[in-house]
Amino acid sequence: MSDMMYFDHAATTPVHPRVIEAMTPYLTQVFGNPSSVHGAGRQARQALERARDQIAAFMDADPQSLIFTSGGTEADNMAIIGGAMAQAERGRHIITSQIEHHAVLHACEYLERNGFEVTYLPVDETGMVQLSDLKQAVREDTVLVSIMYGNNEVGTIQPIEEIGAFLRERGIIFHTDAVQAFGVLPVQVRQLPVDMLSVSAHKINGPKGVGALYLAKKIPISPIAHGGSQERKRRAGTENLAGIVGFAEATKVVAEEAEERISKYKQMRAAMLGVWQEEGIRYHVNGHPEQVLPHILNVSFLGVHTETMLMNLDLVQIAAASGSACTSGSLELSHVLQAMHLGDEIENSAIRFSFGITNTVEEARLAAHSVAKIARRLARDR
Ligand SMILES: *Cc1c(COP(=O)(O)O)cnc(C)c1O
């Protein structure tokens, strides 16, 4: 593992040592159930609420508006299914985009099988949703719109401020999946025209299996998990206390290091592109040239099939991806690249490099040279 060059942080990140340290007491000494009324329970409850306050402060939200979940997927499902169910009397039309994470797309498909209609907005060749398309799609019975903040495959940042402002005027509830943007862009909910926003801990060096849905006051949702009255009756189930404490610590580390991280990611990006340019590799950068998450670099090496490149990279211990973790492993083409209509050659040769805190610029340069060597050999061998 030590020699591996890991460039797949959009799939998941290693847990920060400070996060592990913060979590440990809640797996050992402070093991109470936050719902118990005795001392052990009260201690756990205090830790839970302290973590909620910290995460809320980090995203400029009212602590009571955060619902802890088992991750980004559950937060997305809660927003879309729970939001749609709560509003079904008013209307049964939902709008999303073709480039959403499967947690959003498959939740929408579930709703389609249950009496809702869904419009999937197209994107342009940079992977961006157009406000004009949204305006055209909105109907009298539209009750919910879900457009992601930053895309996990190509990094394109969506115009969520314009989208949100338009939807506010129309009184339509707006959810955004901010899982990739969170931690690299300043996600401050009081300044954003959003009603619901999903985040996940393991994409920001927190533990896997914990996330949150920000739910603005007065926005109705129907719970999707039923049982106890945790999370103000909005999400039943004993809270993942250690995970939540770890999540809070991860946001504290981000708050201290965000600027430094972002400038490093930009340097890594530039270093890799610089190497490929120098070496005369035929490549195409996928995603928006400026409105892009700094930690995601999606590149097609023309003439080299994605799976072949990934296998060859794996042989030299470089971990990259074809897009979302859920589609790699199967030979399925990326739904995001397909929605961008870039043509077969670009679509079937795309590789995603995603940067994280343990990467160095030198490592990125080294990896880029390996990639160049492989690309040249494979393009010649064809
Ligand atoms: C990773 C990811 C998710 C899913 O989050 P989990 O915590 O892994 O369930 C949802 N949306 C986006 C954009 C992601 O990158």
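Residues numbered from 1 in each chain as written. Predicted model: local features only at pLDDT ≥ 70, side-chain atom pairs only at ≥ 80, totals over all residues. Heavy atoms only, no water.

(A) Spatial organisation of the site of the ligand. As a matter of local geometry, the ligand sits amid 13 residues, with Thr73, Asp177, Ser200, His202 and Lys203 nearest to it. A distance of 2.6 Å separates a nitrogen atom of the ligand from a polar atom in the side chain of Asp177. His202 places a polar side-chain atom, nitrogen or oxygen, 2.8 Å from an oxygen atom of the ligand. The leading source of residues in the shell around the ligand is helix H3 (residues 72-87), at three residues. For the shell around the ligand, a count of residues per class yields two nonpolar, eight polar and three charged. (Near = heavy atom within 4 Å. Polar contact = N/O pair within 3.5 Å; in protein donor to acceptor, adjacent residues only side chain to side chain. Helix = DSSP H or I, 4+ residues; strand = E, 2+ residues; numbered from the N terminus. Nonpolar A, V, L, I, M, F, W, Y, C, P; charged D, E, K, R; others polar.)

(B) View of empty space enclosed by the protein. The tally for this structure, following the rule as stated, stands at one cavity of 30 Å³ or more. There is about 150 Å³ of room inside the largest cavity. Split into classes, the residues belonging to the lining of the largest cavity amount to eight nonpolar, seven polar and two charged. For the lining of the largest cavity, the two domains that each supply at least three residues are domain 1 (5-12 + 258-381) and domain 2 (17-252). (1 Å grid on protein atoms, 1.4 Å probe; cavity = no way out; pocket = protein on both sides within 12 Å on 5 of 7 lines; lining within 4 Å. Points joined across faces, edges and corners; volume = space filled by probe spheres on them. Domains from an automatic or database assignment.)

(C) Highlighting the packing of helix H2 (residues 39-58) against helix H8 (residues 241-278). Relative to each other, H2 and H8 sit at 30°, their axes nearing to 9 Å. The angle between the axes of H2 and H8 places the two elements in the roughly parallel class. Pair H2 / H8 crosses with left-handed handedness. Contacts from Ala44, Ala47, Leu48, Ala51, Gln54, Ile55 and Phe58 of H2 reach H8 at Leu241, Ile244, Val245, Phe247, Ala248, Thr251, Lys252, Val254 and Ala255. Its residues placed into classes, the contact of H2 with H8 shows 13 nonpolar, two polar and one charged. (Axes fitted to C-alpha atoms, helices over the stretch in contact; angles between N-to-C directions. Parallel < 35°, antiparallel > 145°, perpendicular 65-115°, else oblique. Left-handed = near helix turned anticlockwise from the far one by under 90°. Contact = heavy atoms within 4.5 Å.)

(D) Fine view of the side chain of Glu74. Locating Glu74 in the fold gives a position in helix H3. Beyond its immediate stretch of four places on either side in the chain, Glu74 contacts Thr69, Ile224 and Arg235.

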